[in-house]
Amino acid sequence: MNRLPLLVCACLSLLSACTQVNIKGDPQAWVKSMEHDTTLRVATYNTSLYDDQDGGLVRRLQADDPGARKIAAVLQRVRPDLVLLNEFDYDAQGAAADLFQHDYLEVAQPGGGEPLKYPYRYLAPVNTGVPSGLDLDGNGEAGGSGRNRGNDAWGYGLHPGQYGMLVLSRHPIDAAQVRTFQLLKWSAMPGASQPRDPASGKPWYPTSIWSQLRLSSKSHWDVPVRTPAGTVHFLVSHPTPPVFDGPEDRNGVRNADEIRLWREYLSSPNASWLCDDQGHCGGLPADARFVIAGDLNNDPADGDGHHDAIVELLEHPRVARYATPRSEGAVEVGARYASAGIVRRGAAAHATGDFGPKAGTMRLDYVLPSVGFSVEGSGVFWPAAAQPEAAIADGSDHHLVWVDVAMAPR
């Protein structure tokens, strides 16, 4: 009982420590609810809540956006305790996040469940749409308009914050210990996969550009969350798609190294090159619990990309082995593509999205708990077409992936 004032003070101190984390709700109610929690439902969802215009997502949400209502309905049905939303445009004031919470999640949606409130959240700047001042696409000019401008941003985007990330949590976020790797140089990674001209074998980027390039197309975040069983590090990212480039494969190798960053983070607690945006270096301590989550834009067997990158992350000794999340909807849509001639090597049931007649279905979205957790269940919210829930499942071309983990206290 006498620990309650300390918890309240800790919550209030977090509010003042970082304006990008919203600390809300009743700390006493949170303490009471924690006493009976035995599992944590963790999810990732590429929401497609972005706009090509700066401030466009805020205007969409103010205008009662039907896609956002479907996204909120899915979240209300699945009710994750901790979730990463990919492709949720960032704005420094958190206006879009506020609108989505208050006007969508906290309002019962058609096809959804009860209103859903997240007392804690984390959002921060990303590289997408941030001008680099460099000619990154090799077209002879830096910047320009439209796609040319996007190609020369640190991560492709038409305005700063496009395709951003948002973490929502039922449990407190340790704001003072969050680590971000937005600024980490690609060339700092040992053995970085520098893109090369296949005809000449020479580096595709001039040295002056290569030395400045950032690795993360959005950002990589280590968000520590205080759960009933202790701190869980939520390792979230959204690597660039391994397409929209040329024979130099600059996006393909960048995607692979963005995924590799998490392998290095798990394997190299003392790495002097692995420095976050606050100047602290080294990876994740060997005894830390974590969950990796995000749209990693890499299928283990199909589509473009360097499949070894995702396979090696799935097989990392610190990542738990568990049955791959699956859905009836993926099987149904995969069969339709197969009849049209798009055949996949991977299991159709494991796909997490439908990416059109050229790409078909693929597994791009992942929730990967660390060893030490007991995985109690998992799934992809992708109902078969005949199920009533299918009416809310098309708010994005991706589908929400969830995993339930048991949290035995240490």
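Everything below is about the structure shown above.
Keep in mind the model is a prediction, meaning the values are calculated, not measured.

Draft legend 1. Geometry of helix α5 (residues 95–105). Within the sequence span of α5, burial applies to Ala96, Ala97, Leu99, Phe100, Gln101, Tyr104 and Leu105. Buried residues along α5 sit against β1 (39–49), α3 (56–62), α4 (66–78), β2 (82–88), β3 (120–122) and β4 (165–169).

Draft legend 2. Examining the layout of surface pockets more closely. Considering only enclosed or pocket space, the largest pocket measures out at about 990 Å³ in volume. As for the largest pocket, its lining consists of 43 residues, and the residues nearest its centre are Thr240, Pro241, Val243, Phe244 and Asn297. Among the secondary structure elements, those contributing two or more residues to the lining of the largest pocket are β1, α6 (146–151) and α8 (250–267).

Draft legend 3. Focus on the sheet that holds strand β7 (residues 230–236). Within the open sheet, the 5 strands sit side by side as β5-β6-β7-β8-β11. Their pairing is mixed. Of all the strands in the sheet, just β5 (179–180) and β11 (365–369) have a single pairing partner and so form its edges. In the sheet, strand β6 (residues 221–227) pairs with β7 via 7 bridges, with the strands oriented antiparallel. Opposite Trp221, over in β7, you have Val236 as the bridge partner. Here α8 sits on the sheet in contact with β5, β6, β7 and β8 (289–295), set at roughly 150° to β7.

Draft legend 4. Representation of the packing of α4 against α5. As a packed pair, α4 and α5 sit with axes 10 Å apart at the nearest point and diverge in direction by 75°. When the axes of α4 and α5 are compared, the pair comes out roughly perpendicular. Facing α4, whose interface residues are Ala68, Arg69, Ile71, Ala72, Leu75 and Gln76, α5 presents Phe100, Asp103, Tyr104 and Leu105. Looking at side-chain class alone, the contact of α4 with α5 contains 7 nonpolar, 1 polar and 2 charged residues.

Draft legend 5. Molecular detail of the pattern of salt bridges. According to the stated counting rule, one finds 13 salt bridges in the structure shown. In this structure, Lys70 engages Asp394 in a salt bridge whose closest nitrogen and oxygen atoms are separated by 2.7 Å. Note that Lys70 is positioned in helix α4 and Asp394 in the loop between β12 (374–380) and β13 (401–406), a separation of 324 residues in sequence. Here Arg170 and Asp81 are joined by a salt bridge, their closest N and O atoms 2.7 Å apart. With Arg170 in the loop between β4 and β5 and Asp81 in the loop between α4 and β2, this pair connects stretches of sequence that are 89 residues apart. Accessibility expressed as a relative area gives 26% for Arg170, which makes it partly exposed. One salt-bridge network, held together by shared partners, links Asp257, Arg260 and Glu264.

Rules behind the numbers
- Residues numbered from 1 in each chain as written.
- Predicted model: local features only at pLDDT ≥ 70, side-chain atom pairs only at ≥ 80, totals over all residues.
- Heavy atoms only, no water.
- Buried < 20%, exposed > 50% of the residue type's maximum accessible area, 1.4 Å probe, protein only.
- Helix = DSSP H or I, 4+ residues; strand = E, 2+ residues; numbered from the N terminus.
- Contact = heavy atoms within 4.5 Å.
- 1 Å grid on protein atoms, 1.4 Å probe; cavity = no way out; pocket = protein on both sides within 12 Å on 5 of 7 lines; lining within 4 Å.
- Points joined across faces, edges and corners; volume = space filled by probe spheres on them.
- Pairing = 2+ DSSP bridges.
- Axes fitted to C-alpha atoms, helices over the stretch in contact; angles between N-to-C directions.
- Parallel < 35°, antiparallel > 145°, perpendicular 65-115°, else oblique.
- Nonpolar A, V, L, I, M, F, W, Y, C, P; charged D, E, K, R; others polar.
- Salt bridge = Lys/Arg side-chain N within 4 Å of Asp/Glu carboxyl O.

Such coordinate-based values are descriptive only and should not be taken to indicate function.
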